[in-house]
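Understanding the architecture of this molecule
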Amino acid sequence: MSTFVSHIVAELSQKTLPANAPTPNHAEVQSASAHSKETLRGLYIKLDKSTSPESLKECIDALQTLEHHEQLLSVQTADEEEHTLRRAILGRLVLGLYAQALTTYLDEASEAETELEWWSELGRSRRYAAYYLLQTFPLRVANLSRVVLSTLRSRNIPFHLSVLKPSALRRLFPSNNTLRPNSLTLALFPHLHHQPYSIVLTSAPGSHEFALSTSPTQTVTSAYRAFFYTFSSVVRAFGAVATLPVELARGECKFKQKELERIRNERAEALGVLAEMRDRLASALEKNSNDEAVAELAGFATYLQCIVDGEEAPLPEALDIISVGRVVESLSVLANCTLPSHTSLHSAELKSGQLRRPSRLTLIWPQLVFLPPLALYAIRTVYASRASLEELAKEAVETMKSFWESWVLEPLRGIVKTVRAGHDDGVIVTRESVRADLDSLERMTLALAQEKLHYGELELAALSQQVQMGDITPVMQLYEEDIKRPLRSALHGTLLRSLFIQVQKAKVDINQALSGIDKLLKSQELTFAFVGVAPALAIVYAFVGYVRNLWTGGRGRGRYGGKRKRGSVWITIRRIERLLIAQPDSHHHRSRSAASGTRSSTAVSPLTSGLLLLSVTHLRKYAETNLPANSRLREGFLEDVADLEDPKLGRQDKLRVVDRMWRSWGEPLGWNRVAA
């Protein structure tokens, strides 16, 4: 029993409690009446514990036996307590059968929808259809052999291998109509019994006309176009013939999809009518008078019988006093004949039309046949190449280890070292090197000034300050005088010394410039370290994210059921919103006098209500199975599902509930990501 039906039973079962609760310590009554009360109490307690179909049948049989015995014994009229017990038991029985009918139609509609989705997924792709054709090939061949053998047996023709020749088969199965498939094609594709012209529509070529012209140039052009079109038509015809079995397999999937959609809509419409009958049952259970309650329950049972039988529901009549025996008899027919026969007819309809998916063995036989040889070949290939594969694995491990050590750990250690300690050492030049070059320049300048310019102590101290500031003007003045007489100054003057001092000055300037660059690099040292390790961290992050998605968001269970289940819930929510916006029209012209009536623009039709219940059942099953227990996410989601199940809410109210679900659960369940 689904959770939706359980909620209905739990809510209505409180209204079946007898007004005067029976107790074991009662006053002295006649022995026959006391025996009846004890039996009724036992039946009520049994129904209170279980409302399974077996328990309902046993209680109905026991109540029928009790009524029959009382009629034979002509027992006097029962007291009010006994009438109350009978009414409570009848209420429990009607409620149990109502829940059984709801469960039956819900299960049948869910089964049809599950098979419908399977065939729809199969017919959506040519690749899937071709693989399905391969999977069912043995069954089609067996069906074809059965047809050939039965035809040979009916015509008293002995079986020989020559019978299997194409010419013999054409004589054995002549085609009277070129547009209709013969018996062999029908044996391979049984759906052509219902769609005989689909093979013509699948392979029908297009038509094109070419106008003749008197101009030679246009005549050559037209002839070329005609030749090209004829050639392309021949190629398309060969392609159509080659892909014809696949297209017929897709046509078979679409045919079964339509049949299952029809069955699902029929069951969903009946389910919607049954769901709308809840208020009527609640009204019958709340009647104060026992006779009125029994009459209402009898009318409800009759209406339920008509719904299950697919007959026209009777108009409500004036309430008459109805015996409990008649009500029990109608309940017995409903429990022992109508509901079981309906289930059997549903299974027979699916089986006769081959609407269920093929058996597990049929679906996996290609793997059982082809995978062992392929696996053996792969194992032999791997074993033969084990040396190279082992070397490749070692190189891969070494590469990963080297990448981890050299490109991830070492740069990270350098970053940590930079952050923790830091250092004053230069990257390009050191501070001591710059200081040494500047001191050498100062000594050279002071020596030249003392020897040639005869500077005193004060002048040398001032010159020393100028050199520290980068000003060697006295040396440059000597150089300017020396270049006036370059040869003489080179041999006997200070030209070479002034030149060497300028070289040293250039070296000092270069070192100071490099020192500035060094300071700039040191100020951005941490930035360069992060830039160096960023590509390796990006690769690691992408790899870890990919592995995490495989583990949590792939085909497995993952978070909240995995990506596939969350995607199915997204599709279900979208289907619910579409049903509420554009309610489907019912093509099953059955009168629902009490249920359908005159509806307002905000009411939900029985077909829409049934389809909504199917989708909502899927949502409830998902929430109870995949969402975390005792979490606000699960509780809130189930509250919204309960609002969608509530028949008291109109179409606009349910649309607002769906809008709330999009806002509330779209981001937590990742519907914006799984939709793609």
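1. Digging into the overall build of the protein
Helix and strand content of the protein: 26 helices and zero strands. Restricting the contact set of the protein to residue pairs at least 6 apart, pairs at least 24 apart contribute 74%.

2. What to know about the packing of aromatic side chains
Throughout the structure, instances matching the rule amount to seven aromatic pairs. Taking 5.6 Å as the distance between ring centres and 70° as the angle between the ring planes, the aromatic pair formed by Tyr 98 and Phe 300 counts as edge-to-face. Placement of Tyr 98 in helix α4 (residues 80–123) and of Phe 300 in helix α12 (residues 290–309) is noted, with a sequence separation of 202 residues between them. Here the aromatic rings of Trp 118 and Trp 119 are separated by 4.9 Å at their centres, their planes lie at 85°, and the arrangement is edge-to-face. Trp 119 matches Trp 118 in its accessibility class, with the two residues each being buried. Aromatic rings pair up to connect Trp 118, Trp 119 and Tyr 132 into one cluster. Cation over ring: Arg 280 sits above Tyr 303, and NZ or CZ is 5.1 Å from the ring centre. Directly above the ring of Tyr 383 sits Arg 386, whose terminal nitrogen or CZ lies 4.1 Å from the centroid.

3. Brief notes about the packing of helix α1 (residues 3–13) against α4
At their nearest, the axes of α1 and α4 sit 10 Å apart, and the two run at 165° to each other. The angle between α1 and α4 falls in the class roughly antiparallel. The two elements α1 and α4 cross, and the hand of that crossing is right-handed. Side by side, α1 and α4 meet where Val 5, Ile 8, Val 9, Leu 12 and Ser 13 of the first sit next to Arg 92, Leu 95, Tyr 98, Ala 99, Leu 102 and Thr 103 of the second. Split by residue class, the contact of α1 with α4 holds eight nonpolar, two polar and one charged.

4. Overview of unusual backbone geometry
A positive phi angle is found at Gln 354, which is not glycine, with a value near 50°. Note on placement: Gln 354 falls in the loop between α13 (324–352) and α14 (360–384).

5. Here's the deal with the packing of α1 against helix α23 (residues 606–626)
Here α1 crosses α23 at 100°, and the two axes come no closer than 9 Å. Between α1 and α23, the interaxial angle falls into the category roughly perpendicular. In contact with Thr 3, Phe 4 and His 7 of α1, α23 contributes Leu 613, Arg 620 and Glu 624. Its residues assigned to classes, the contact of α1 with α23 shows two nonpolar, two polar and two charged.

6. Re α4
Over its 44 residues, α4 extends 64 Å from the first C-alpha to the last, a length consistent with the 64 Å expected when each residue adds 1.5 Å. In terms of residue burial, α4 counts as a mostly covered element, since 35 of its 44 residues are buried.

7. Side note on the environment of Gln 512
Within the element layout of this structure, Gln 512 appears in helix α20 (residues 495–523). Counting along the chain gives 81 residues from Gln 512 to Arg 431, while the straight-line C-alpha distance between them is 9.3 Å.

8. What about the pattern of salt bridges?
Enumeration over the complete set of coordinates arrives at 27 salt bridges. Among the ionic pairs, Asp 439 bridges to Arg 435, the shortest N-O distance being 3.1 Å. Remark: Arg 435 and Asp 439 occur in helix α16 (residues 431–453); sequence separation between them is four residues, near one turn of the helix. In this structure Asp 439 comes out as partly exposed when scored by relative accessible area, which is 25%. One salt-bridge network, in which partners are shared between bridges, spans Glu 108, Glu 259, Arg 262, Glu 266, Arg 267 and Glu 349.

9. Digging into the environment of Val 333
Relative to the assigned elements, Val 333 resides in helix α13. When the C-alpha positions of Val 333 and Gln 305 are compared, they lie 8.7 Å apart, and in sequence the two are 28 residues distant. With residues up to four places along the chain from it excluded, the contact list for Val 333 reads Gln 305 and Thr 338.

10. Description of helix α17 (residues 457–468)
It helps to recall that an α-helix has 3.6 residues per turn; residues three or four apart then point in one direction. The end-to-end C-alpha distance of α17 is 17 Å, a good match for the 16 Å that 12 residues give at a rise of 1.5 Å each. Buried residues of α17: Leu 460, Leu 463, Ser 464 and Val 467, and no others. Buried residues along α17 cover an arc of 105° about the axis, so they all sit on one side. For α17, exposure combined with an orientation more than 90 degrees from the buried face picks out Leu 458 and Gln 465.

11. Some thoughts on the side chain of Glu 252
Secondary-structure assignment places Glu 252 in helix α10 (residues 216–276). Under the relative-accessibility criterion, Glu 252 is labelled buried at 3%. Side-chain polar atoms of Glu 252 contact the side chain of Arg 140, separated by 2.9 Å. Apart from the residues lying within four places of it in its own chain, the contact partners of Glu 252 are Tyr 132, Arg 140, Phe 189 and His 191.

12. Comments concerning a nonpolar patch on the surface
A cluster of nonpolar side chains, Tyr 131, Leu 134, Leu 361, Leu 368, Val 369, Phe 370, Leu 371 and Leu 374, forms an exposed patch at the surface whose accessible area comes to about 750 Å². Listed by contribution, the elements that provide at least two residues to the nonpolar patch are α5 (126–135) and α14. With six residues, α14 is the largest single contributor of residues to the nonpolar patch. Mapped onto the secondary structure, Leu 374 falls in helix α14. Assessed through its relative accessible area of 54%, Leu 374 is described here as exposed.

13. With respect to the confidence of the model for the protein
Here the protein shows a mean pLDDT of 80. Residues at 70 or above account for 85%. Mean pLDDT values for the elements of the protein range from 57 in helix α9 (residues 198–203) up to 92 in α5. With pLDDT under 50 throughout, residues 591–599 is counted as low confidence; its partners more than four residues away or in other chains account for 21 contacts.

14. Looking at the side chain of Lys 256
Along the chain, Lys 256 falls in helix α10. Accessibility expressed as a relative area gives 6% for Lys 256, which makes it buried. In this structure Lys 256 touches Trp 119, Tyr 132, Gly 353, Gln 354 and Leu 355, once residues within four positions along its chain are discounted.

15. Description of the environment of Thr 104
For Thr 104, the location among the structural elements is in helix α4. For Thr 104, a relative accessible area of 13% translates into the label buried. In the structure, Thr 104 is positioned 167 residues away from Leu 271 in sequence and 9.1 Å away in space, judged by C-alpha atoms. If we ignore the near neighbours within four places in the chain, the residues touching Thr 104 are His 342 and Thr 343. In this structure the side chain of Thr 104 is engaged in a polar contact, spanning 2.7 Å, whose partner is the backbone oxygen of Gln 100.

Reading guide: rules and limits
- Residues numbered from 1 in each chain as written.
- Predicted model: local features only at pLDDT ≥ 70, side-chain atom pairs only at ≥ 80, totals over all residues.
- Heavy atoms only, no water.
- Helix = DSSP H or I, 4+ residues; strand = E, 2+ residues; numbered from the N terminus.
- Contact = heavy atoms within 4.5 Å.
- Phe/Tyr/Trp six-rings, centres within 6.5 Å; stacked < 30°, edge-to-face > 60°.
- Buried < 20%, exposed > 50% of the residue type's maximum accessible area, 1.4 Å probe, protein only.
- Lys NZ or Arg CZ within 6 Å of the ring centre and 35° of its normal.
- Axes fitted to C-alpha atoms, helices over the stretch in contact; angles between N-to-C directions.
- Parallel < 35°, antiparallel > 145°, perpendicular 65-115°, else oblique.
- Left-handed = near helix turned anticlockwise from the far one by under 90°.
- Nonpolar A, V, L, I, M, F, W, Y, C, P; charged D, E, K, R; others polar.
- Expected span 1.5 Å × (residues − 1).
- Salt bridge = Lys/Arg side-chain N within 4 Å of Asp/Glu carboxyl O.
- Arc of directions from axis to C-beta.
- Polar contact = N/O pair within 3.5 Å; in protein donor to acceptor, adjacent residues only side chain to side chain.
- Patch = residues over 30% accessible without salt bridge, like charges linked within 9 Å, V, L, I, M, F, W, Y side chains within 5 Å.
- Areas by Shrake-Rupley, 256 points an atom, 1.4 Å probe, with all protein chains shown as cover.
- pLDDT = per-residue confidence, 0-100.

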